[in-house]
Amino acid sequence: MEEFLNRCEQSGDSAYSALRSLLERLEDPTTRTDARIFLSELHKRFNSKEASERCLQTYHFQIQEIYLEQYEGFQKRKKLIMMVIPSIFVPEDWSFTFYEGLNRHPDSIFKDKTVSELGCGNGWISIAIAEKWSPLKVYGLDINPRAVKISWINLYLNALDDNGQPIYDGEKKTLLDRVEFYESDLLSYCIDNHIELERIVGCIPQILNPNPDAMSKIITENASEEFLHSLSNYCALQGFVEDQFGLGLIARAVEEGISVIKPLGIMIFNMGGRPGQAVCKRLFERRGLRVNKLWQTKVLQAADTDISALVEIEKSGPHRFEFFMGLAGDQPICARTAWAYAESGGRISHALSVYSCQIRQPNQVKKIFEFLKNGLSDIRSSLDLSFEDDSVADEKIPFLAYLANVLKDLSFFPYEPPAGSRRFRSLIARFMRTYHHIPLTADNVVVFPSRSVAIESALRLLSPRLAVVDEQLSRYLPREWLTTLDIEKTETGENSEEVIAVIEAPRQSDLMVELIKKLRPEVVVTGMAQFESVTSSSFEHLLDTTRDIGSRLFLDISDQFELSSLPSSNGVFKYLARNPLPPHATIVCSLLKNQVYTDLEVAFVISEEKEMFRALCKTVELLQGSTAIISQYYYGCLFHELLSFQLADRRPPSQREGEKTSATEVNGFSSSTIQIFDDAELSINESDDSSLIHMDIDQSFLPITTPVKAAIFESFARQNITESETDVTCGIRQLASSTYGYPSDSNTEFVYADCPVALFTKLVLCCVQEGGTLCFPTGTSGNYVSAAKFLKAKIASIPTNAEAGYKLTEKTLTAALESVNKPWIYISGPTINPTGLLYSNEEITELLSVCAKFGARVILDTSFSGVETNSKGFAGWNLEATLKKLSSANPNFCVSLLGGLFFKMLSSGLKFGFLLINEPSLVDVFHSFAGLSKPHSTIKYTVKKLLDLAEQKSGNLLEAIAEQTEILGSRYKQLKQTLESSGWEVLEAQSGVSVLAKPSAYLGKTVTINKDDSSLEIKLDDINVREAMLSSTGLCINSASWTRIPGYCRFTIALEDSDFNRALDCITKFKSLFGN
């Protein structure tokens, strides 16, 4: 005994060394009994309060008795015997209050559960939990290595009696069976050892260290006593937004807890009320936890804790901490006042609360935080999973989890048909089958960006002389359609000026039917009043009336459609459950009724007639490109949630056959529309198990960069986003100026859309409205030319030649414009799509000068620019001086800048289009065409985030763009080499993702291909080579019909790695089949 005490008396480190030797004897079963008896003797020697205090001062350790409450029922001990040393947390008001909070739970809270205590100190709470509630296992964790050793000593002190014999509980177990202690930075031990917990409790420091450098020391047993003790009072910056309140360590503990706790687990934390109760609660709630305050009291601020760090935080921000003057004070004072009061000898206190919390949707919240570990920790501060309305939480949390999975598991956004994601369309069809017993498939559903876009697109597809439209649905139609009086039918049956006359009608079926009978329109678009939708009689009356006079019917069911597990039925659904949808009828539905985003819209159109379905698919591709994939993901997640709990095809509905009447017997498609569809190389309708490779798509399938992932996720994770955070105008203005030198001022109109295609089609309509001629150079995107033809624009082709690299030149442009009235010129640049060449600043200046001479309107399309892979000598554009000079010389001349971020940021499936117009008269004409598919606020937030990163020259973003640009440069060389070795002549490219090549070795060869389950012999040319390539290898390319350059086909290179390699194999395979 004396030898032991002599060692302890030398210093705190010597005392710890002696105690560690004692622990080694306790751990050894052969010496355990003697060691425990020694501890008993030691306890008896210092058993009074005075002796205990003297022991701490003299021998640097102390043995205390902690009294627990009186238990009812079977006998349990009333006190614990605990040893403490100066370098570890000493039990005080904080831990006692915490234990009282734990006592507020029912006795079953820890029974047979796996528990972890964070910051266990000398282990008394871990031991008390095991003693009272008989958990399966308690893991006491502390970052202080000395605390862990002392905790093990305390465990033996209480697991064995004074004679060194085990103390068994009612289950014949000792505390040694139930409790273990480990050195651990918060939950790292459990994480590293894959231990799943059912309860996590913690009493964690929450004041920032006044000396941050001190917390960077390596924590070892040999560290100073002062440093090790500071771990129980102070925490370092943790990289969490809660650091500003001193709560960063608790925030990290909660997030680590989410990763290891079981779905029904509970976390219980002691929280000092210094930051304010609302701040403390929000720490848990924004991470998706339901919070219950178990217990609250006031405690005196520890005299050895320096709160000056909190005073510094108050200086740099608006937040005020909450202290009280003494225990009786009831008016809060700030940290600065509290510090001054304490420095003057006053005692200050603060609230102390015990919070119990559970994850509200455990599986989903876990997925979200798992995703945030993958290099996205910077956006944790934006996450907000606190919701007052449970219905909002039930919708948004599953979507965030789904989005996290998508962004984590998918390295790129896969190809989706322009008519809508096949998965999304299948979910819609399955919802209709499951909830309304309507046997639809994905091939009956076409997705549009919005209801207004769907209706306008359908009317443009059918081009009726006269349409009757429900007055509630006509507000977004072009102004000219609603004002024309030309409703007389010409001899050819077509409107003489190609203007659709729209007559507005009331939403009441009897009045609508009366108008239909009198006016005999080719197309009827209407919704249904709520009282009429209860039964199917009104719907059937509309069907019969429109069929009798040969009208197409588009019925809007948006108001009646409920995205719910208990959807109300209506007359339309009742009819469709019994009968197929007639060929002349189409259903339109807008999805807007979500709980979170009142402006997030997607629409779908249902048709059971194959020709109408195909025509609508092609129409949305030409006029819109596609519907925003993230919007489809959002509503797809809602549909999935409503279907996931149901057994698949438990009662499969009988398959129906459509009526035999074909659509052309009603108001069909014009021959010119059919010809445009036949000539246009649009997407191929694929089956679910299709393995086609798409080198015919202007989309990047390269890996989604981390900055893009972060921006997309943050846009949905945030709540209460301000208007300024989604205002992209400043960023777009800067982009246009710095990249192209395009001037803009207060009169410049900035217009945004889901993608550049939607903006281009509106410009085409402006050209038509002004009576202009839209001039395309040969070597222009085939889809753009087909869209202009579909919109009945007057088109002229400007020839280009091989000597100039199929670029426009001053000479060819001048010659072409001399014979054109009211010219509109389309120029793709700096990157020319699809040739991949670049217009220099001098070349574009010359072209614009020619355009100004003829007073042309110019569409300068930059949406394919931004990826310069072989641009040596290209110095970019600076058009400001040129445009100002030319605009003042000819007032009719104007340049509209069309662009997107797809290539500039390589943002994969994220699409965004912008348009800058400097001509006021053109602005008025543009806005007369309503129904533009505008980007949702989440997309604009994402775009602004990326623009800001680019402006700040963020290393992560610029490095990611540079890396992908390098990949594309390498891809170009690989593809060029493969094509040339396979008999293709490749046109040299400098930029973009397209490569043009001529199938020289194959032209004129007679080959046999498979088509429609039969063999077909053809002579290969620059157009049918596309079909030959597709049928023989599964590779999709564009032919010369699309590129509009005789002989040259188009290949795109921004594919996913494995698809690109497969594409190269397909080209080689094509050579082996037809190259000999």
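Notes on the structure in this doc start here. (Residues numbered from 1 in each chain as written. Predicted model: local features only at pLDDT ≥ 70, side-chain atom pairs only at ≥ 80, totals over all residues. Heavy atoms only, no water.)

**Quick word on the overall build of the protein chain**
How we decide: Strands are runs of DSSP state E lasting at least 2 residues, helices are runs of H or I lasting at least 4, and numbering of each runs from the N terminus. Two residues qualify as a contact provided that any one of their heavy atoms is within 4.5 Å of a heavy atom in the partner residue. In short, Shrake-Rupley with a 1.4 Å probe defines the accessible areas, and a residue's cover is counted only from the protein chains shown. His residues and chain termini do not enter the charge count, which takes Lys and Arg as positive and Asp and Glu as negative. Lys charges are placed at NZ, Arg charges at CZ, Asp charges at CG and Glu charges at CD.
Helix and strand content of the protein chain: 38 helices and 31 strands. Each of the three principal axes of the protein chain carries a C-alpha extent, and together these read 120 × 70 × 65 Å. Summarising the internal contacts of the protein chain: among those between residues at least 6 apart in sequence, 76% fall at separations of at least 24. Approximately 43,300 Å² of the protein chain is accessible, and the part contributed by carbon and sulfur atoms is 48%. Between the centroid of the 108 positive side chains of the protein chain and the centroid of its 137 negative side chains there is a distance of 2 Å.

**So, a negative patch on the surface**
Under the convention used in this document: A patch is a set of surface residues, each over 30% in relative accessible area and not in a salt bridge, joined within 9 Å for like charges and within 5 Å for the nonpolar side chains Val, Leu, Ile, Met, Phe, Trp and Tyr. One speaks of a salt bridge when a side-chain nitrogen belonging to Lys or Arg is within 4 Å of a carboxyl oxygen belonging to Asp or Glu. A 1.4 Å probe rolled over the protein chains alone gives each residue an accessible area, and that area as a share of the maximum for its type sets the label: buried under 20%, exposed over 50%, partly exposed in between.
Together, Glu388, Asp389, Asp394 and Glu641 make up a negatively charged patch on the protein surface. With respect to the helices and strands, the residue aspartate 389 is situated in the loop between α15 (362-372) and α16 (390-409). By relative accessible area, aspartate 389 is classed as partly exposed at 39%.

**Details of the environment of leucine 581**
Looking at the element boundaries, leucine 581 is found in the loop between α22 (571-578) and β16 (585-591). Residue leucine 581 is classed as buried on the basis of its relative accessible area of 2%. In this structure, the C-alpha to C-alpha distance between leucine 581 and tyrosine 635, residues 54 residues apart in sequence, is 24 Å.

**With respect to the side chain of aspartate 470**
To be explicit about the condition: Any N or O atom pair separated by 3.5 Å or less is treated as a polar contact, with the protein-specific requirement of one donor-capable and one acceptor-capable atom, and with residues adjacent in sequence counted only for side-chain atom pairs.
In this structure, aspartate 470 sits in strand β12 (residues 466-470). The exposure class assigned to aspartate 470 is buried, which follows from its relative accessible area of 0%. At a separation of 3.0 Å, a polar atom in the side chain of aspartate 470 contacts the main-chain amide nitrogen of glycine 527.

**Focus on the side chain of arginine 1026**
Within the secondary structure, arginine 1026 sits in helix α36 (residues 1025-1033). Ignoring any residue separated from it by four or fewer positions in sequence, one finds arginine 1026 in contact with Glu681, Leu682, Ile684, Asp696, Ile1037, Asn1038 and Ser1039.

**A look at the packing of helix α1 (residues 2-10) against helix α2 (residues 12-27)**
To keep it simple, the criterion reads: Orientation is described by lines fitted to C-alpha atoms, with helices fitted over the stretch in contact, and by angles between N-to-C directions that extend from 0 to 180 degrees. Residues are grouped as follows: Ala, Val, Leu, Ile, Met, Phe, Trp, Tyr, Cys and Pro are nonpolar; Asp, Glu, Lys and Arg are charged; every other residue, Gly included, is polar.
Viewed as axis vectors pointing N to C, α1 and α2 meet at an angle of 140°, and their least axial separation amounts to 6 Å. Residue-level contacts link Phe4, Arg7, Cys8 and Gln10 of α1 to Ser14, Ala15, Ser17, Ala18, Leu19 and Ser21 of α2. Here the residues of the contact of α1 with α2 are counted per class, giving five nonpolar, four polar and one charged.

**Topic: the sheet that holds strand β13 (residues 501-505)**
Defined as follows: Strands were regarded as paired on the criterion that DSSP finds at least two bridges between them.
Reading across the sheet, the seven strands line up as β11-β17-β16-β15-β14-β12-β13 and stay open at both edges, with mixed pairing between neighbours. Either end of the sheet is taken by a strand with one partner, and the two such strands are β11 (445-448) and β13. The sheet shows a mean angle of 20° between the axes of neighbouring strands, taken without regard to direction. Across the sheet, helix α17 (residues 422-436) lies against β11, β16 and β17 (602-606), angled at about 120° from β11, the strand it touches most.

**Describing the environment of serine 349**
The topology assignment puts serine 349 in strand β10 (residues 348-359). A relative accessible area of 0% places serine 349 in the buried class. Taking C-alpha positions, serine 349 is 27 Å from leucine 186, a pair spaced 163 residues apart along the chain. Ignoring any residue separated from it by four or fewer positions in sequence, one finds serine 349 in contact with Lys298, Val299, Leu300, Gln301, Phe323, Phe324, Gly326 and Leu327. Of note is the side chain of serine 349, whose polar atom sits 2.5 Å from the backbone oxygen of glycine 326.

**Remarks on helix α6 (residues 124-133)**
Most of α6 sits inside the fold, with ten of its ten residues counted as buried. Listing the buried residues of α6 in full gives Trp124, Ile125, Ser126, Ile127, Ala128, Ile129, Ala130, Glu131, Lys132 and Trp133. A positive phi of about 50° marks serine 134, the residue just after α6.

**Observations concerning the packing of aromatic side chains**
The criterion, for reference: Pairing of aromatic rings covers Phe, Tyr and Trp, the last counted by its six-membered ring, and requires centre-to-centre distances within 6.5 Å; plane angles under 30 degrees mean stacked, over 60 mean edge-to-face, and any other angle means tilted. We count a charge as sitting over a ring when the NZ of a lysine or the CZ of an arginine lies within 6 Å of the ring centre and within 35 degrees of the ring normal.
One pass over the full model with this rule turns up 47 aromatic pairs. Pairing tyrosine 99 with tryptophan 133 gives two aromatic rings, centres 6.2 Å apart and planes at 50°, and the pair type is tilted. One end of the pair, tyrosine 99, is in helix α5 (residues 93-103); the other, tryptophan 133, is in helix α6, and 34 residues separate them in sequence. Considered together, tyrosine 99 and tryptophan 133 belong to a single accessibility category, that of buried residues. Taken together through their ring pairs, the aromatic side chains of Phe424, Phe431, Tyr435, Phe561, Phe573, Phe604 and Phe639 make up a single cluster. When the ring centre of tyrosine 16 is taken as reference, the NZ or CZ atom of arginine 146 above it lies at 4.6 Å. One residue, lysine 298, lies across the ring of phenylalanine 324, its end atom 4.2 Å from the ring centre.

**Brief notes about the pattern of salt bridges**
Across all of its chains, the model carries 43 salt bridges by this definition. Note that glutamate 65 is salt-bridged to lysine 79, the shortest N-O span being 3.1 Å. Taken as a pair, glutamate 65 in strand β1 (residues 62-67) and lysine 79 in strand β2 (residues 79-84) lie far apart in primary sequence, 14 residues in all. By relative accessible area, glutamate 65 is classed as partly exposed at 30%.

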